[in-house]
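Here is what each chain is made of, one letter per residue.
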Amino acid sequence: MAKRASSGYYRRNSYRRKKWRNILVISISVLAALLILFLVLGNILNKKTEGERLEETSPVKHPTQATTPPIATPSYTVSIKGGAVDIRSTELKKSFATLVENGFSAVSFNLSDTDGKLLYKSSVAARFGYQTADGGLADLDSVNASAASSGLATSAVLTLNSFTEEDKITRSVLQACEAAIICEIYDAGIDDIIIRCPELKAEHADELIELAKSISEINEKSIVGLALTGEFIESDSSALLIERLVSAFDFISLDITDISHEADLAEHIESSLSTDKYYYILRYNMRVLLPKPENDDSAKKAYELMKSNSITNWQTVS
């Protein structure tokens, strides 16, 4: 009897151990599953929280809402203090030396007359029949080399006459030639070129941008600026037009060379620097084109005005 009791006791203990073992295995499995579930949920919630945080710190963009375009900035930011010298002068070296002695960093060459005719020997203009005689015309390569040997940078001012042509087809032909001439000037070693357009108007903007593209296609290294008149800057929608022109050209200038013979240079400069113009000068570091002073006293007053108005990028034009 004792033996049967012992056997029954053993079976009961064995059953209990098996039962607890099953419970332990099941519990461990459940805990492992819960742990994996918590890890997955935690990872999802963490990603969601990070996404919400990024959305809070990033600007909201809607499909129908246009983003604000970046403000255009000139690609060419060099500032100069340039003095005008007649490229046809027989005393160029003396003129260059005088500029250096007076603290100028650059020489300003006007390469065309008021009618847009070139003042230097141009193989491009001669080939297309725009220049038939070169008597009295300067050799641009040698003039530029002489200025460089004096330690001066060179800036050329060129007046375009294509925009005075009313016929669009003829105007496009002239502009193609002008683009080639501008690249010819740059190939001669000139550091930068400023183009001026008589009676510049807002409707010329698209053609000016195309001209800038044509120049870049011929020589992508050329540095070309566009001179804007005070009238253009103060015209309607000028802000948007100037942004487009700044993006197309390497830099822009303010041309205030239209001074009458009777006017005082200092007074002319002060009246030309209105609030709107002054804003654009500082915003885009515009190169101010000044009339060439007639005497030392006039020059001193003009240059002091530039300094007192914090304008460090300017040149005179003959």
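Calculation notes
- Numbers given to residues run from 1 along each chain, matching the order in which its sequence is written.
- Per-residue local features of the predicted model are confined to residues with pLDDT of at least 70, and side-chain atom pairs are confined, for both listing and counting, to 80 or more; whole-chain, interface and lining totals are unaffected and use all residues.
- To get the side-chain values, all heavy atoms of the structure are used, and hydrogens and water are removed first.
- Salt bridge, as used here, is a side-chain nitrogen of Lys or Arg placed within 4 Å of a carboxyl oxygen of Asp or Glu.
- Strands are runs of DSSP state E lasting at least two residues, helices are runs of H or I lasting at least four, and both sets are numbered from the N terminus onward.
- Think of it in three bands: residues with accessible area under 20% of the maximum for their type are buried, residues over 50% are exposed, and the middle band is partly exposed, with areas taken using a 1.4 Å probe on protein chains only.
- Stacked, edge-to-face and tilted are the three classes for Phe, Tyr and Trp ring pairs, Trp counted by its six-membered ring, which pair at centre distances within 6.5 Å; planes under 30 degrees apart are stacked, over 60 edge-to-face, the rest tilted.
- Criterion for a charge above a ring: Arg CZ or Lys NZ at most 6 Å from the ring centre, at most 35 degrees from the ring normal.

A.B. asks: How should the pattern of salt bridges be read in this particular structure?
C.D. replies: A side chain with one charge may pair with a side chain of the opposite charge, provided their charged atoms come close. Tallying each qualifying case throughout the model produces nine salt bridges. Arg 196 is the salt-bridge partner of Asp 255, the closest N and O atoms lying 3.4 Å from each other. Of this pair, Asp 255 sits in strand E6 (residues 251-255) while Arg 196 sits in strand E4 (residues 192-196); the two residues are 59 residues apart in sequence, bridging distant segments of the chain. Like Asp 255, the residue Arg 196 is buried in the burial classification.

A.B. asks: What's the story with the packing of aromatic side chains in this structure? I'm lost.
C.D. replies: When we look at a pair of aromatic rings, we describe it by the centre distance and by the angle of the planes. Counted according to the given criterion, the structure contains seven aromatic pairs. Arranged with centres 6.2 Å apart and planes meeting at 65 degrees, the rings of Phe 96 and Phe 109 form a pair that is edge-to-face. Placement of Phe 96 in helix H2 (residues 92-101) and of Phe 109 in strand E2 (residues 106-110) is noted, with a sequence separation of 13 residues between them. With respect to class, Phe 96 is no different from Phe 109; both count as buried. A centroid spacing of 6.0 Å and a plane angle of 5 degrees characterise the contact between Tyr 280 and Tyr 284, whose relative ring orientation is stacked. Highlighted residues: Tyr 280 and Tyr 284, both in helix H10 (residues 275-284), separated by four residues, approximately one helical turn. An identical accessibility class is assigned to Tyr 280 and Tyr 284; each is buried. Connected via pairs of aromatic rings, a cluster forms that spans Phe 104, Tyr 303 and Trp 314. Over the ring of Phe 104 we find Lys 81, and its NZ or CZ is 5.3 Å from the ring centre.

A.B. asks: Sorry, what's going on with the environment of Asp 206 here?
C.D. replies: Checked against the element boundaries, Asp 206 lands in helix H6 (residues 205-218). Since its relative accessible area comes to 45%, Asp 206 is described here as partly exposed. Linking Asp 206 and Leu 245, residues 39 residues apart in sequence, is a C-alpha distance of 9.0 Å.

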